[in-house]
2 protein chains.
Amino acid sequence: MNSEKLILDGTRVAKSMNETLVERINQLSVRGILPCLATILVGDDPSSETYVRMKSSACKRLGIDSRRIHLNKATTTEELIAVIQQLNEDPQIHGILLQHPVPQHIDERAAFEAIQIEKDVDGVTMLGFAQNAFGVSSFPSCTPAAILAILDYYQIPIESKHAVIVGRSPILGKPVSLMLLNRNATVTICHSKTNNLPLIIGLADIVVAAVGKPAFIQGAWIKESAVVLDAGYNAGNIGDVDFDACHKKASAITPVPAGIGPVTIAMLLKHTVLAAEKSKITT
Amino acid sequence: MNSEKLILDGTRVAKSMNETLVERINQLSVRGILPCLATILVGDDPSSETYVRMKSSACKRLGIDSRRIHLNKATTTEELIAVIQQLNEDPQIHGILLQHPVPQHIDERAAFEAIQIEKDVDGVTMLGFAQNAFGVSSFPSCTPAAILAILDYYQIPIESKHAVIVGRSPILGKPVSLMLLNRNATVTICHSKTNNLPLIIGLADIVVAAVGKPAFIQGAWIKESAVVLDAGYNAGNIGDVDFDACHKKASAITPVPAGIGPVTIAMLLKHTVLAAEKSKITT
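Residues numbered from 1 in each chain as written. Chains lettered and ligands numbered in written order. Predicted model: local features only at pLDDT ≥ 70, side-chain atom pairs only at ≥ 80, totals over all residues. Heavy atoms only, no water.

If you look chain A up in an unreviewed UniProt entry, it shows as Bifunctional protein FolD from Paenibacillus phytorum. UniProt, in the comment section headed Sequence similarities (unreviewed entry), describes chain A in these words: "Belongs to the tetrahydrofolate dehydrogenase/cyclohydrolase family." Quoted straight from UniProt, the Pathway (unreviewed entry) entry for chain A says "One-carbon metabolism; tetrahydrofolate interconversion." (UniProt positions renumbered as here; feature names shortened; annotations may be inferred.)

Laid out in structure tokens, this is it:
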């Protein structure tokens, strides 16, 4: 590996991914298909609003249609599921994104499960999770897929490397662990109940931070020349990794912002285009 | 932990599980329900025949009905799926077990997926896998569930322990990893592409061997006082663990035979009874 410190620039990866989509979107257009992502936001959490706006804008820039559905925070689980079912049946809609988190009183899992697998471009359903775990998924969860895309873009080897994942959520820690495992990494999954976390992180060739605690991963913990992927995004644009300290030791590291974030959005667009390609012509 | 070497006697665990089932089977009988497991064997592999026979006999001993379906080895995927669909629709059948492996020309995954989730007592469907990964499964895969049952029976703590799983199959390595993770273990998954396997196994408080290589796990590899669970079952009644050498160092270890095997069968019976309890009365 290059002795130079490598900043894994997500903006560059996303740009490259988006470029390959333009031609595919053109070909769809010839067939009379305009890919369309429906985003559903429930309530008025400001960061969720920002995320949804970013996703819609990214669609627009690329020539993907988007339909933003904003439900008030008193929406019930049943009402939310009814909206999702309408989108499932709507042939103009190719992908459905339900922005996480929904208000506490809503059964988020039930809502996710209501999304038809063919439109689950964000990889949130249980069946989507299992397909991903078995290596047969069309739409793996976007952030885990983004992490793999960054490693691949920068030709960082995965096979036989020891990857340590900090975090075990159903849309990040668990799926990225299984994806790295399917790519022949040895995988360790850590979490809040892990003893001796620094010692375990010190074994890692690849560290994935997905804990949601600002600057949690310390430079002293990581092995010299480790590859560090920071999937955290905390208030004030701070990741889960102490960037400066880890940057000194790592061979490669994602920044926050402009690391995994933009690639996650590019992945969502890619999945939406793929869903449109798989759909029947509707005109 | 007791300084005495503990043999984790699966026969004893299975007996205890079966005892609690007897009363539940009686209560079902009062409601006019006889739990019934359908087993499907395709081809004439002698060890598969033995496994199926053992499962049927275990059913019989406990007062669970079983229907053995033996298909010849030329059966096509479509024919196998048609048989499964008939069993799905048959209200007398509560659980369906398709004996793994099926002949090479059959799409085993497609056949597994044909099993209705309510009758997937062996935990082989993708949806069953995901439910298990999310901690909401009725019927986790039987061998992984057996491993947890043994740990629980012998009150071996899981939380914050480091569990190293050797093997990553969809019905053993992957699900047991996720189950131990959901019980707050730190989990490392190793496989044929893992570098430095002895070093990683040496970190483990709990070792799960699921590789299918006779006496593969060496005594020199394990940590003093580790707990060793041997899910292997190779020709000549040999597990995946070098028992004598590991027994000397381990604080607790499952033997082969009479370790995880009998508990796996007890788990299958337990799931069949549970499936019957969840079914509608059919008389």
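Undergrad: An account of the side chain of N184 of chain B is requested, with residue identities and associated values reported.
TA: Tracing the chain through its elements places N184 of chain B in the loop between α7 (173-182) and β6 (186-190). At 3.1 Å, the side chain of N184 of chain B and the side chain of E159 of chain B are in polar contact. In contact with N184 of chain B, not counting residues within four places along its chain, are R168, H191 and K193 of chain A together with I158, E159 and S160 of chain B. (Helix = DSSP H or I, 4+ residues; strand = E, 2+ residues; numbered from the N terminus. Polar contact = N/O pair within 3.5 Å; in protein donor to acceptor, adjacent residues only side chain to side chain. Contact = heavy atoms within 4.5 Å.)

Undergrad: Can you tell me about the pattern of salt bridges, naming the residues and giving the values?
TA: Once the charged atoms of two side chains with opposite charge are near each other, the side chains can pair. Residue and element names in this part refer to chain A. Under the definition given, this model contains 14 salt bridges over all chains. The shortest N-O distance in the salt bridge between D205 and K223 comes to 2.7 Å. With D205 in the loop between α8 (197-201) and β7 (206-209) and K223 in the loop between β7 and β8 (227-230), this pair connects stretches of sequence that are 18 residues apart. Judged by its relative accessible area of 21%, D205 falls in the partly exposed class. The exposure class assigned to K223 is partly exposed, which follows from its relative accessible area of 30%. (Salt bridge = Lys/Arg side-chain N within 4 Å of Asp/Glu carboxyl O. Buried < 20%, exposed > 50% of the residue type's maximum accessible area, 1.4 Å probe, protein only.)

Undergrad: Break down the interface of chain A and chain B for me, with residues and values.
TA: Contacts between the two partners involve 31 residues from chain A and, on the opposite side, 31 residues from chain B. In this assembly, chain A packs against chain B so that about 2800 Å² is buried in total across both faces, 65% of it on carbon and sulfur atoms. E159 of chain A is the partner of K193 of chain B in a salt bridge, and the nearest nitrogen-oxygen pair spans 4.0 Å. Counting across the interface, chain A meets chain B through 19 residue pairs in polar contact (both at pLDDT 80 or more). Contributions of two or more residues to the side of chain A that touches chain B are made by α5 (126-133), α7 (173-182) and β6 (186-190) of chain A. The greatest single-element share of the side of chain A that touches chain B, amounting to 6 residues, is contributed by α5 of chain A. Across the side of chain A that touches chain B, the residue classes tally to 16 nonpolar, 10 polar and 5 charged. (Buried area = accessible area lost by both parts, 1.4 Å probe. Nonpolar A, V, L, I, M, F, W, Y, C, P; charged D, E, K, R; others polar.)

Undergrad: Kindly report on the state of the cysteines, identifying the contributing residues and their values.
TA: Counted by the stated rule, this structure contains 0 disulfides over all chains. Here C190 of chain A is not disulfide-linked; the sulfur of C190 of chain B is the nearest cysteine sulfur, at 13 Å. With a relative accessible area of 0%, C190 of chain A lands in the buried category. C190 of chain B supplies the cysteine sulfur nearest to C246 of chain B, a cysteine that is in no disulfide, at a spacing of 15 Å. For C246 of chain B, a relative accessible area of 0% gives the class buried. (Disulfide = S-S within 2.5 Å.)

Undergrad: Let's hear about the UniProt feature "domain: Tetrahydrofolate dehydrogenase/cyclohydrolase NAD(P)-binding" (unreviewed entry) in chain A: which residues, and what values?
TA: When the UniProt feature table is mapped to this numbering, "domain: Tetrahydrofolate dehydrogenase/cyclohydrolase NAD(P)-binding" (unreviewed entry) covers residues 141-279 of chain A. As annotated, residues 141-279 of chain A has a helix share of 38% and a strand share of 14%, and its two end C-alpha atoms lie 20 Å apart.

Undergrad: Requested: an account of the relation of the copies chain A and chain B, with residues and values cited.
TA: Of the two same-sequence chains, chain A is brought onto chain B (RMSD 0.0 Å, axial shift 0.0 Å) by a rotation of 180 degrees. Expressed as an axis order, the relation between the two copies is that of a two-fold axis. Identified as the residue of chain A closest to the rotation axis by C-alpha distance is T188 of chain A, at 2.0 Å. Looking at chain A, 100% of its interface residues are interface residues in chain B too, so the copies touch through the same face. (Least-squares fit on C-alpha atoms with pLDDT ≥ 70 in both.)

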